[in-house]
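What follows is each chain in one-letter form.
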Amino acid sequence: MANRIAERFHRQVFDALYNSSLVYNACWEDPACDRAALELGGDDRVLVITSGGCNALDYLLCAPARVHAVDANPRQTALLELKAAGIRALDHDDFWLLFGEGRHPDFPALYRRHLRPQLTAFARAWWDRRQHWFAGDGWCDSFYFRGLSGLVARAMRTFIDRRKGLRPAVGAMLDAPTLEDQRMVYDREVAPRLWTPGLRWAVSRRTTLSLLGVPHEQTLEVARAHEQGVAGFVRASIERVFRELPLRDNYFWQVYVHGAYRRDCCPEYLKPAEFARLKAGLIDRLELHTATVTATLRGLAGRGEPVTRFVLLDHMDWMGASRPDLLAEEWDAIHASAGRGARAIFRSAHADAAYLAAVRLGLRGRQVPLTELLAFRRELAAELHRRDRVGTYGGFHIADLVAA
Ligand SMILES: C[S@@+](CC[C@H](N)C(=O)[O-])C[C@H]1O[C@@H](n2cnc3c(N)ncnc32)[C@H](O)[C@@H]1O
């Protein structure tokens, strides 16, 4: 009984936060792995979940025919709208200050003159009240400390600054010239100072996970992925990244420690040459949707536009074992709108997305297990997963859609 009350409480906390906030101020999924898995060509039509919008812009640089960026949270769409407006109207110097450094002294003037006129009504109402997010002052002195994920990053920065010797140790680890040096600094200087009982307690709190956009169903998957539950999973993930992957060019972790990207360590869309290619026309191949994946695909099927690449991030964990009906609806729509040679990629908190086994699609009067319609590329996925610079997902999956 107590568990059910606690679970209902945490669901309400997550829903309240999710339905009023920008959760992701940047994508926390590695597009370099996605590109290798997607093998995008000029005829491909991509559907990707927007999140921070960085990866939708990254895929555009492969010049596919179309990128449909979809998100059920209109604030995520509003963020990608602002980025697209900036690409169309600003020069690289101004755009870099906004999304490279997360602060611009003249944002109000830029916003009023160049960005606001391009936005939808919802995005205007949202950004009109948040121009200070780019002011660069106060406790959250960068856009990358805004939104729910930004809040957690800002709190971590306070922890790092207050913990004696931790800031210089983290700095030395991030700038270590070799992986051996990085691992040594982590083992000797960072880990002993970082993993206090207080931090271990905080990372295992449901509220912390809600702030990081991890709903109840996904928390169960995270807890299932490690014998020491959520705290064990978080520590193991961070240790793998800090001990096994070079941090020097890892913009995912650098931006949340410094609140800004470096020009030689940032997403592709922020680099001058790529920014110029987007501005020169690729940005016009982007289409934004504020809706569920299912509703968007039903809309696109009506337009006779088959989709050939589906980038589903880890959102299926959000439905997981509790809503196989929603998963079946979504895969029905995916199957119905898939073009020739279609491929789907997604991530999961647990190494295997076991909940997919329960999904059945109604095809020609038969209930067909979803797994019979997916040809997984396990070796390629495992190889790319090992290189994933984010490192906080248990599994990466690449599946070609096959006929029933
Ligand atoms: C699942 S979360 C993952 C974010 C991602 N791991 C990241 O860090 O960049 C991604 C996004 O999916 C959106 N989302 C969740 N379920 C959705 C659905 N059924 N249709 C469309 N968007 C959905 C959420 O609003 C959220 O912005």
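Residues numbered from 1 in each chain as written. Predicted model: local features only at pLDDT ≥ 70, side-chain atom pairs only at ≥ 80, totals over all residues. Heavy atoms only, no water.

Draft legend 1. Here's a closer look at the sheet that holds strand E8 (residues 374-376). On the basis of which strands lie adjacent, the open sheet formed by seven strands has the order E3-E2-E1-E4-E5-E9-E8 and mixed pairing. In this open sheet, the two strands that pair with only one neighbour each are strand E3 (286-290) and E8. Averaged over all neighbouring strand pairs, the angle between strand axes comes to 20 degrees, with direction disregarded. Pairing analysis gives five bridges linking strand E2 (residues 66-71) to E3, with the strands arranged parallel. Residue pairing in the sheet places Val67 in a bridge with Leu286 of E3. Where helix H2 (residues 31-38) meets the sheet, it contacts strand E4 (307-311), strand E5 (338-348) and strand E9 (395-401), and its direction lies at approximately 150 degrees from that of E5. The strands touched by helix H17 (residues 293-302) are strand E1 (45-49), E2, E3 and E4; relative to E1, the strand with the most contacts, the crossing angle is about 160 degrees. (Pairing = 2+ DSSP bridges. Helix = DSSP H or I, 4+ residues; strand = E, 2+ residues; numbered from the N terminus. Axes fitted to C-alpha atoms, helices over the stretch in contact; angles between N-to-C directions. Contact = heavy atoms within 4.5 Å.)

Draft legend 2. Seen up close, unusual backbone geometry. Its identity as a non-glycine residue notwithstanding, Ser51 has a phi of 45 degrees, on the positive side. Summarising the element assignment, Ser51 is placed in the loop between E1 and helix H3 (54-60). Not every positive phi belongs to a glycine, and Ala63 is a case in point at roughly 55 degrees. Judged by its relative accessible area of 23%, Ala63 is partly exposed. (Buried < 20%, exposed > 50% of the residue type's maximum accessible area, 1.4 Å probe, protein only.)

Draft legend 3. Spatial organisation of the packing of aromatic side chains. Per the stated rule, a full pass over the model turns up 25 aromatic pairs. Seen from their ring centres, Phe14 and Tyr18 are 5.7 Å apart, and the 10 degrees between their planes marks the pair as stacked. Taken as a pair, Phe14 and Tyr18 lie in helix H1 (residues 2-18) at a separation of four residues, close to a single helical turn. What makes Phe14 buried here is its relative accessible area of 7%. Residue classification places Tyr18 among the buried positions, given a relative accessible area of 16%. Aromatic side chains Phe107 and Tyr111 sit 5.5 Å apart centroid to centroid with 25 degrees between the ring planes, which places their arrangement in the stacked category. Linking Phe107 with Tyr111, this pair stays in helix H6 (residues 107-115), spanning four residues, or about one helical turn. Over the ring of Phe99 we find Lys83; its NZ or CZ atom is 5.5 Å from the centre of that ring. The aromatic ring of Trp126 is capped on one face by Arg130, whose charged end is 3.3 Å from the ring centroid. (Phe/Tyr/Trp six-rings, centres within 6.5 Å; stacked < 30°, edge-to-face > 60°. Lys NZ or Arg CZ within 6 Å of the ring centre and 35° of its normal.)

Draft legend 4. Representation of the pairing of E2 in the model. For E2, a buried count of five out of six residues is recorded, marking the element as mostly surrounded by other parts of the structure. Relative to E2, E1 is paired through five bridges, and the arrangement is parallel. Residue Ile49 lies in a different strand from E2, and its bridge partner there is Val70. You can see the chain leave E1, run along H3 and come back into E2, and the turn it takes is right-handed. (Right-handed = clockwise from strand over helix to strand, strands pointing away.)

Draft legend 5. Just the site of the ligand, in detail. Lining the immediate environment of the ligand, one finds 20 residues, of which Tyr18, Glu29, Ser51, Asp71 and Tyr393 sit closest. Note that an oxygen atom of the ligand is positioned 2.7 Å from one of the side-chain N or O atoms of Ser51. Separating a nitrogen atom of the ligand from a backbone N or O atom of Ala72 is a distance of 3.2 Å. Here the ligand loses 94% of its free accessible area of 590 Å² to cover by the protein chains. Across the shell around the ligand, the residue classes break down as eleven nonpolar, five polar and four charged. Looking at which domains feed residues into the shell around the ligand, each of domain 1 (1-141 + 260-291) and domain 3 (307-404) gives three or more. (Near = heavy atom within 4 Å. Polar contact = N/O pair within 3.5 Å; in protein donor to acceptor, adjacent residues only side chain to side chain. Areas by Shrake-Rupley, 256 points an atom, 1.4 Å probe, with all protein chains shown as cover. Nonpolar A, V, L, I, M, F, W, Y, C, P; charged D, E, K, R; others polar. Domains from an automatic or database assignment.)

Draft legend 6. Here's a closer look at the pattern of salt bridges. Counted according to the given criterion, the structure contains 32 salt bridges. Put simply, Asp161 and Arg167 hold a salt bridge, and the shortest N to O gap is 2.8 Å. Classification of Asp161 by relative accessible area gives partly exposed; the value is 44%. (Salt bridge = Lys/Arg side-chain N within 4 Å of Asp/Glu carboxyl O.)

Draft legend 7. Seen up close, the packing of helix H10 (residues 179-194) against helix H14 (residues 229-244). The geometry of H10 relative to H14 is characterised by a closest axis approach of 7 Å and an angle of 135 degrees between their N-to-C directions. One way to sum up the angle between H10 and H14 is to call them oblique. Residues Leu179, Gln182, Arg183, Tyr186 and Asp187 of H10 touch H14, and the partners they reach there are Glu239, Val241, Phe242, Arg243 and Glu244. In the contact of H10 with H14, the residues fall into four nonpolar, one polar and five charged. (Parallel < 35°, antiparallel > 145°, perpendicular 65-115°, else oblique.)

Draft legend 8. Looking closely at the domain arrangement of the chain. Partitioning the chain into structural domains gives domain 1 (1-141 + 260-291), domain 2 (165-258) and domain 3 (307-404). The C-alpha centroid of domain 3 is placed 24 Å from the C-alpha centroid of domain 1. Taken together, the contact between domain 1 and domain 3 spans 22 residues of the former and 24 residues of the latter. For the pair domain 1 and domain 3, the summed buried area comes to about 2,100 Å², and 59% of that belongs to carbon and sulfur atoms. The three residues of domain 1 that bury the most area against domain 3 are Trp28, Glu29 and Ile49, which together make up 27% of that side's buried surface. Applying the counting criterion to the domain 1 and domain 3 interface returns five salt bridges. In this structure, Asp34 and Arg347 form a salt bridge, with 2.8 Å as the shortest nitrogen-oxygen distance. Summed over the shared surface of domain 1 and domain 3, the result is 17 residue pairs in polar contact (both at pLDDT 80 or more). (Buried area = accessible area lost by both parts, 1.4 Å probe.)

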